[in-house]
Structures are given as structure tokens and as C-alpha cells.
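What follows is the residue order along each chain.
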Amino acid sequence: KQYYIESKKIGSKIKLIEIDSEFQNIIDNHATNINLILSGSSISIMQNLLVHKSPLYGRFKEKINLKPFTYMETKQMLKELSPNDLIAFYSVFGGCPYVLSKINIKKTLRQNIEDLILNGDGKLRDHINNNVINEFNNDVDLNIVLDAIKNGLKKYKDIERFCKYTTSGLLDKKIKKLIELGIIETKILINTDNKKK
């Protein structure tokens, strides 16, 4: 049998009919020898499959967080670019294989940005909306934390004060999510005991 996710357009939104309980039924009652691989780009959707109340909770043997290509791996994919062009393209587009596959190496960096992102029907606009903007729309606090960082705050206590978080641990969760999205990174001083610094 083949199972798939059916989508129905409702107004301007796409509603995905969840089938994780169907997979649970297949795994628990029908499958004797099965390897099920679930892959997705939306971090929040994939993480929701791992939470305690999810029908698939406890049924994963391995969780892999695939990282984007490094500069050297990107070089293998875009071999025809000069070193200077490769640095420029990598700086703008990063190392996501899907994004890199849309680049037209016969065009300049500027032309690629215009074609793929700035044009209304650019091939990367949906990708950006689905994988970055939706994460922020679902969690307004992420924008508040980014505003704090954008305003030059780097210390944990300063960011916490700016965000007006009184709930213990809330900032930890938001920072962790921003790190998982690859938007920020933390650097810990080697000689400090306080890892939140």
C-alpha cells in the first residue's frame, strides 16, 4: 500500500490532513518488517512527531538533523564557479542542496537573487515562506529575541530583560529554537562556568 498526505486548499491556506495516527496503526498492527523514513524541512512539524502526545512517540530509532552543505561541499556542487563567485553565492544562498539546485550558474549573483527571491514567482519564495517565515509566524517570541540581538544585546540577562521574560527557562527554549533553525549560534568562553553568558 502507498500512503500519502492529501492537501486541500481552503481560502489562501493549505490544510494538511495529518496521517501520523495512520502510520502508528501500520507500525503497530500491520508491519512486520518495515523501515519508515520521515523527512521534512519544517523543524517544528518534524519535532512535533517526537513529543509525548504524538501518535508516533517512541517509535523512532534514530533522529537525524541534516545540516546544510559546508563551503567545501557546496564547491563540489557548483564546480564551475570561480572561488570569488563561489564565496559570494555561498554567502547569499548558504548550503541547502535544494536552494543550490535552483541556482543558474550562467547568470550573475544579482540575476539569481532577482530570479529566485525577488520576483513574485521566484522558485525560492515558497521555500523561504514554508521553512523560515512559518516558523516565526507560529512563535512570535522568536522575533522578540531576534530584536534584542539585533539591538546589540549579547548577554543572556540583557536579552532576558529586553524580552521582559519572567518565566524561568522561556528564553532558553527560544534561543535553542533559533539555534536549531540555524539563525543564531552561541559561543561559550572556555574559562567560564556560566554557560548562559
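None of the values given here were measured: they were computed from a predicted structure. (Residues numbered from 1 in each chain as written. Predicted model: local features only at pLDDT ≥ 70, side-chain atom pairs only at ≥ 80, totals over all residues. Heavy atoms only, no water.)

**What about the overall build of the protein?**
In terms of regular secondary structure, the protein is built from ten helices and two strands. For the protein, the proportion of contacts with a sequence separation of at least 24, taken over those separated by at least 6, is 35%. A total of about 15300 Å² of accessible surface is found on the protein, and carbon and sulfur atoms cover 51% of it. (Helix = DSSP H or I, 4+ residues; strand = E, 2+ residues; numbered from the N terminus. Contact = heavy atoms within 4.5 Å. Areas by Shrake-Rupley, 256 points an atom, 1.4 Å probe, with all protein chains shown as cover.)

**Observations regarding the pattern of salt bridges**
By the definition in use, this model includes four salt bridges. Across the salt bridge formed by D115 and K107, the nearest N and O atoms sit 2.6 Å from each other. Ionic pairing is found between R161 and D158, a salt bridge with its closest N-O pair at 3.1 Å. Of the two residues, R161 and D158 both sit in helix α9 (residues 156-163), three residues apart, roughly one turn of that helix. (Salt bridge = Lys/Arg side-chain N within 4 Å of Asp/Glu carboxyl O.)

**Comments concerning helix α1 (residues 20-30)**
Residues of α1 that are buried include every one of D20, F23 and I26, and no others. One side of α1 carries all its buried residues, which in axial view fall inside an arc of 115 degrees. Of the exposed residues in α1, the ones pointing more than 90 degrees away from its buried face are N29 and H30. (Buried < 20%, exposed > 50% of the residue type's maximum accessible area, 1.4 Å probe, protein only. Arc of directions from axis to C-beta.)

**Observations regarding a nonpolar patch on the surface**
On the surface, a nonpolar cluster with roughly 250 Å² of combined accessible area is contributed by V140, I144 and F162. With respect to the helices and strands, the residue F162 is situated in helix α9. With relative accessibility at 37%, the residue F162 sits in the partly exposed group. (Patch = residues over 30% accessible without salt bridge, like charges linked within 9 Å, V, L, I, M, F, W, Y side chains within 5 Å.)

**Thoughts on the confidence of the model for the protein**
Of the residues in the protein, 78% reach a pLDDT of 70 or more, and the chain-wide mean stands at 78. Helix α4 (residues 83-93) holds the highest mean pLDDT among the elements of the protein, 95, whereas strand β2 (residues 13-16) holds the lowest, 38. (pLDDT = per-residue confidence, 0-100.)

**Considerations on unusual backbone geometry**
Unusually for a residue other than glycine, K164 sits at a positive phi of about 60 degrees. Relative to the elements of secondary structure, K164 occurs in the loop between α9 and α10 (170-180).

**With respect to α4**
For α4, every residue scored as buried is listed here: L86, F89 and F93. Along the axis of α4, the buried positions cluster into a sector of 70 degrees, meaning they face one direction only. Residues of α4 that are exposed and point over 90 degrees away from its buried face: P83, N84 and S91. Packed against the buried residues of α4 are α3 (71-77), α5 (97-102) and α6 (109-118). Of the residues one or two after α4, G94 is the one with positive phi, at around 70 degrees.

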